[in-house]
Amino acid sequence: MDRPSPVAQLTAAVTAFTDTYLTGVERWCVGLSGGPDSLALTAAAARLRPTTALIVDHGLQAGSAQVAATAQRQATSLGCVDAQVLRVQVGADGGLEAAARTARYEALQAARGDRPVLLAHTLDDQAETVLLGLGRGSGARSIAGMRPHDPPWCRPLLGVRRAVTHAACDELGLAAWHDPHNTDRRFTRTRLRQEVLPLLEEVLGGGVAEALARTATALREDSELIDTLAGQALAAAAVGDGLDTAALASLPDPIRRRVIRRWLLAGGAIGLTDKQIRGIDTLVTAWRGQGGVAVGSALRGQRLVAGRRNGMLILRREPVQRS
């Protein structure tokens, strides 16, 4: 039996995703960079539903406006009902990659209205994300990778190899833009893509990207169950803005740490690490009068410190001391 063409494979992947997660959705958006992954996804999406292409111009490279304009014309030629260029200012918090990602998601969120947004992350992107999580020791949540459906974000191509999207562009005669950042060795993800994954494929005999993606799926299923249990436990342990340490101490370790994480995020914490969460966990499980644990804060000019007082975990704000 002949293998379906690349375009047919993408269309089948988006259709299967729609049948699982987006039944009843009549219109959607697609995030389009002009690269081969998002261009191929746009082609498949526009065949299935009225599609609005949202093209984010980060303004980080010379000629970015021309790249965006070309993507806009391509989206229209592929049958999109609308194609909008969203120009953003990229900040500096967390490094260039993180700042660009934050600006991009904020722009997509503002422009989407009430429509879901299809994103063109592939199986290869998922494998890279799992490796990044492993290297950073960020815990099971990070290694679980990207969710296929994290409303309003939709990733219908997480089971599709990058080679298929490139081949689909060739099949359709589409000239995709190739982001020079994707070959810039200053970026960790680029080195994973060009050096680490090919080496692992060679050493382990192939199939590594698929194996990493399967690992992400298995961990994500476990993580979602723990999330459900942690949500119930958080409601039971919450006392005002704090957490009852006696209630926390009775919980299994993974659920207790997930409760602590949720509580911290709700209090304005950002950039949490597994080390920080485990440090706060010792305020419950190994309390000897130790001091609090500082965590990243979304609050301007303030930091957050999680501590223990009178049998409660509390989150206090402290002004950032500047020299």
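Only a predicted model underlies this, so the values are computations on that prediction, with no experimental measurement involved.

Chemist: Describe the UniProt feature "domain: tRNA(Ile)-lysidine synthase substrate-binding" (unreviewed entry) in the protein, naming the residues involved and giving the relevant values.
Modeler: In this numbering, the UniProt entry assigns the feature "domain: tRNA(Ile)-lysidine synthase substrate-binding" (unreviewed entry) to residues 243–299. What you have in residues 243–299 is 54% helix and 16% strand, and the ends, taken at the C-alpha atoms, are 21 Å apart.

Chemist: Tell me about the pairing of strand β10 (residues 293–297), and please be specific about residues and values.
Modeler: Sheet analysis places strand β9 (residues 269–270) next to β10, joined by 2 bridges and oriented antiparallel. Bridge assignment links Ala 269 to a residue of β10, and that residue is Ser 297. Pairing between β10 and strand β11 (residues 302–309): 3 bridges, direction antiparallel. Residue pairing for β11: Ala 294 is matched across the bridge by Val 305.

Chemist: I'd love a proper account of helix α11 (residues 253–266), names of residues and values included.
Modeler: Taking 1.5 Å as the rise per residue, α11 with 14 residues should run 20 Å; its terminal C-alpha atoms sit 20 Å apart, in good agreement. Along α11, the positions that sit buried rather than exposed are Ile 255, Arg 256, Arg 257, Arg 258, Val 259, Ile 260, Trp 263 and Leu 264.

Chemist: Kindly report on the pattern of salt bridges, identifying the contributing residues and their values.
Modeler: According to the stated counting rule, one finds 20 salt bridges in the structure shown. One salt bridge connects Asp 125 with Arg 162, and the closest N-O pair in it is separated by 2.9 Å. Residue Asp 125 is located in helix α5 (residues 123–136), and its partner Arg 162 is located in helix α7 (residues 162–172); the two are separated by 37 residues in the primary sequence. Note on accessibility: Asp 125 and Arg 162 belong to one class, buried. We note a salt bridge from Glu 128 to Arg 193, for which the minimum N-O separation is 3.0 Å. With Glu 128 in helix α5 and Arg 193 in helix α8 (residues 188–204), the pair connects residues that are 65 residues apart, well separated along the chain. By relative accessible area, Glu 128 is classed as buried at 1%. Connected via shared salt-bridge partners are Asp 37, Asp 125, Glu 128, Arg 162, Arg 189 and Arg 193.

Chemist: Help me get a handle on the sheet that holds strand β5 (residues 149–150), residues and values and all.
Modeler: Taken together, the 6 strands give an open sheet; going across it, the order is β3-β2-β1-β4-β6-β5, and neighbouring strands pair in mixed fashion. Unpaired on one side and paired on the other, β3 (82–87) and β5 mark the two borders of the sheet. Pairing of strand β1 (residues 28–31) with strand β4 (residues 117–118) involves 2 bridges; the strand directions are parallel. Among the inter-strand pairings, Val 30 is bridged to a residue of β4, identified as Leu 118.

Chemist: With reference to specific residues and values, describe the state of the cysteines.
Modeler: Applying the stated criterion across every chain, the model contains 0 disulfides. Cys 29 takes part in no disulfide bond, and the closest cysteine sulfur to it belongs to Cys 80, at a distance of 9.7 Å. The exposure class of Cys 29 is buried, given its relative accessible area of 0%. Free of any disulfide, Cys 154 has its nearest cysteine sulfur in Cys 29, 10 Å distant. On the accessibility criterion, Cys 154 (0% relative accessible area) is buried.

Chemist: Lay out the nonpolar core with the relevant residues and their values.
Modeler: The biggest cluster of nonpolar side chains holds 34 residues, and the ones touching the most others in it are Leu 10, Leu 32, Leu 39, Leu 41, Ala 53, Leu 118 and Leu 157. Looking at this core, the elements with two or more residues in it are α1 (6–21), β1, α2 (36–48), β2 (51–57), α3 (64–77) and α7. If you tally residues by element for this core, the top one is α2, at 7 residues.

Chemist: Now, about unusual backbone geometry: what can you tell me, with residues and values included?
Modeler: Pro 152 follows Pro 151 through a cis peptide bond whose omega is 5°. A positive phi angle is found at Asn 310, which is not glycine, with a value near 55°. With respect to the helices and strands, the residue Asn 310 is situated in the loop between β11 and β12 (312–319).

Chemist: Please provide a residue-by-residue account of the environment of Thr 20, values included.
Modeler: Within the secondary structure, Thr 20 is located in helix α1. A relative accessible area of 57% places Thr 20 in the exposed class. Reaching out from Thr 20, the side chain makes a polar contact with the backbone oxygen of Ala 16 at a distance of 3.0 Å.

Chemist: I'd love a proper account of the environment of His 181, names of residues and values included.
Modeler: With respect to the helices, strands and loops of the structure, His 181 is situated in the loop between α7 and α8. The sequence separation of His 181 and Leu 48 amounts to 133 residues, and the corresponding C-alpha distance is 31 Å. In this structure, His 181 is in contact with Leu 60, Gln 61, Leu 96, Phe 187 and Thr 190, ignoring residues within four places of it in sequence.

Chemist: Pulling in residues and values, what's your account of the pairing of β1?
Modeler: Where burial is concerned, the two faces of β1 agree: the one with Trp 28 and Val 30 and the one with Cys 29 and Gly 31 are both buried. Of the pairings in the sheet, the one linking β1 to β2 comprises 4 bridges and is parallel in character. What sits directly across from Val 30, in β2, is Ala 53.

Chemist: Mind laying out the side chain of Thr 165, listing which residues take part and the relevant values?
Modeler: Mapped onto the elements, Thr 165 comes out in helix α7. Of note is the side chain of Thr 165, whose polar atom sits 2.5 Å from the side chain of Asp 37. Ignoring any residue separated from it by four or fewer positions in sequence, one finds Thr 165 in contact with Leu 10, Pro 36, Asp 37, Ala 40, Thr 122 and Leu 157.

Rules used throughout
- Residues numbered from 1 in each chain as written.
- Predicted model: local features only at pLDDT ≥ 70, side-chain atom pairs only at ≥ 80, totals over all residues.
- Heavy atoms only, no water.
- UniProt positions renumbered as here; feature names shortened; annotations may be inferred.
- Helix = DSSP H or I, 4+ residues; strand = E, 2+ residues; numbered from the N terminus.
- Pairing = 2+ DSSP bridges.
- Expected span 1.5 Å × (residues − 1).
- Buried < 20%, exposed > 50% of the residue type's maximum accessible area, 1.4 Å probe, protein only.
- Salt bridge = Lys/Arg side-chain N within 4 Å of Asp/Glu carboxyl O.
- Disulfide = S-S within 2.5 Å.
- Core = buried A, V, L, I, M, F, W, Y, C linked by side-chain atoms within 4.5 Å.
- Polar contact = N/O pair within 3.5 Å; in protein donor to acceptor, adjacent residues only side chain to side chain.
- Contact = heavy atoms within 4.5 Å.

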